[in-house]
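# What the coordinates show
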Amino acid sequence: MLYFSPKLKQVFSWVAAIVILVVHTYLAFKILNVFTNDTNWIEIAKEHTVATLGIPLAGTASLFLVLVLRIVSDQVAFKIFNIEFKGAASQAIIWVFTYLVVIFSIYLLWPLAN
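Residues numbered from 1 in each chain as written. Predicted model: local features only at pLDDT ≥ 70, side-chain atom pairs only at ≥ 80, totals over all residues. Heavy atoms only, no water.

With that out of the way, let us pick up the pairing of strand β2 (residues 83–86). Summarising the sheet, strand β1 (residues 77–80) and β2 pair through 4 bridges and their orientation is antiparallel. By the bridge assignment for β2, Ile 80 is matched with Ile 83. Between the antiparallel neighbours β1 and β2 lie 2 residues, among them Phe 81 with a positive phi of about 50 degrees. (Pairing = 2+ DSSP bridges. Helix = DSSP H or I, 4+ residues; strand = E, 2+ residues; numbered from the N terminus.)

Right, here's the structure in full:
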């Protein structure tokens, strides 16, 4: 089994978090027509903003939160209904939960068109 030092894990976690922030910024600028003059893309983005921007960014925002949690606390473990989650399983469950919460909040806050 490979052993990685805690310092190396922390560096890679910060690098991943920074990459996620850069991707978020790039996608936001792309949607706002900063890097492209493609009118078809802009029309689709304006009409379906939640699908083109909200849902993908919700996934990466959830990943960002899980990475920050991993950086702050070295070992993540919790118990739900007598089922204990440790390590990567707990991080996956936390990611799914945060993703669903963000998607549900988008659903509640976004004015739905009929």
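As a further point, take the packing of aromatic side chains. Here the structure, examined in full by the defined rule, presents 2 aromatic pairs. Residues Trp 95 and Tyr 99 carry aromatic rings whose centres are separated by 5.1 Å and whose planes lie at 10 degrees to one another, so their mutual orientation is stacked. Placement of the pair is Trp 95 and Tyr 99 together in helix α4 (residues 88–109), with a separation of 4 residues, close to one helical turn. (Phe/Tyr/Trp six-rings, centres within 6.5 Å; stacked < 30°, edge-to-face > 60°.)

Attention shifts here to the pattern of salt bridges. Tallied over the entire structure, the rule returns 1 salt bridge. When the shortest N-O distance is used, the salt bridge between Glu 84 and Lys 86 registers 3.7 Å. Its relative accessible area of 48% is what places Glu 84 among the partly exposed residues. Under the relative-accessibility criterion, Lys 86 is labelled exposed at 54%. (Salt bridge = Lys/Arg side-chain N within 4 Å of Asp/Glu carboxyl O. Buried < 20%, exposed > 50% of the residue type's maximum accessible area, 1.4 Å probe, protein only.)

What follows is about the confidence of the model for the protein. When pLDDT is averaged along the protein, the result is 75, and 82% of the positions lie at 70 or above. Per-element confidence in the protein is highest for β2, whose mean pLDDT is 83, and lowest for helix α2 (residues 39–47), whose mean pLDDT is 72. (pLDDT = per-residue confidence, 0-100.)

Glancing now at α4. Here α4 contains 22 residues, and its C-alpha end-to-end distance of 31 Å stays within 8% of the 32 Å for a straight helix at 1.5 Å per residue. Residues of α4 that are buried include every one of Ser 90, Ile 94 and Thr 98, and no others. For α4, the arc enclosing every buried residue in end-on projection is 60 degrees, short of the 170-degree limit, so these residues lie on one face. Facing away from the buried side of α4 by over 90 degrees, the exposed positions are Ala 88, Leu 100 and Tyr 107. (Expected span 1.5 Å × (residues − 1). Arc of directions from axis to C-beta.)

Here Lys 30 lies in helix α1 (residues 6–31). Of the residues examined, Lys 30 reaches a relative accessible area of 25% and is grouped as partly exposed. Placed 15 residues apart in sequence, Lys 30 and Ala 45 show a C-alpha to C-alpha distance of 9.6 Å.

Examined against the element boundaries, Phe 97 turns out to sit in helix α4. For Phe 97, a relative accessible area of 56% gives the class exposed. Put simply, Phe 97 and Ser 62 are 35 residues apart on the chain and 8.6 Å apart in space, counted from C-alpha to C-alpha.

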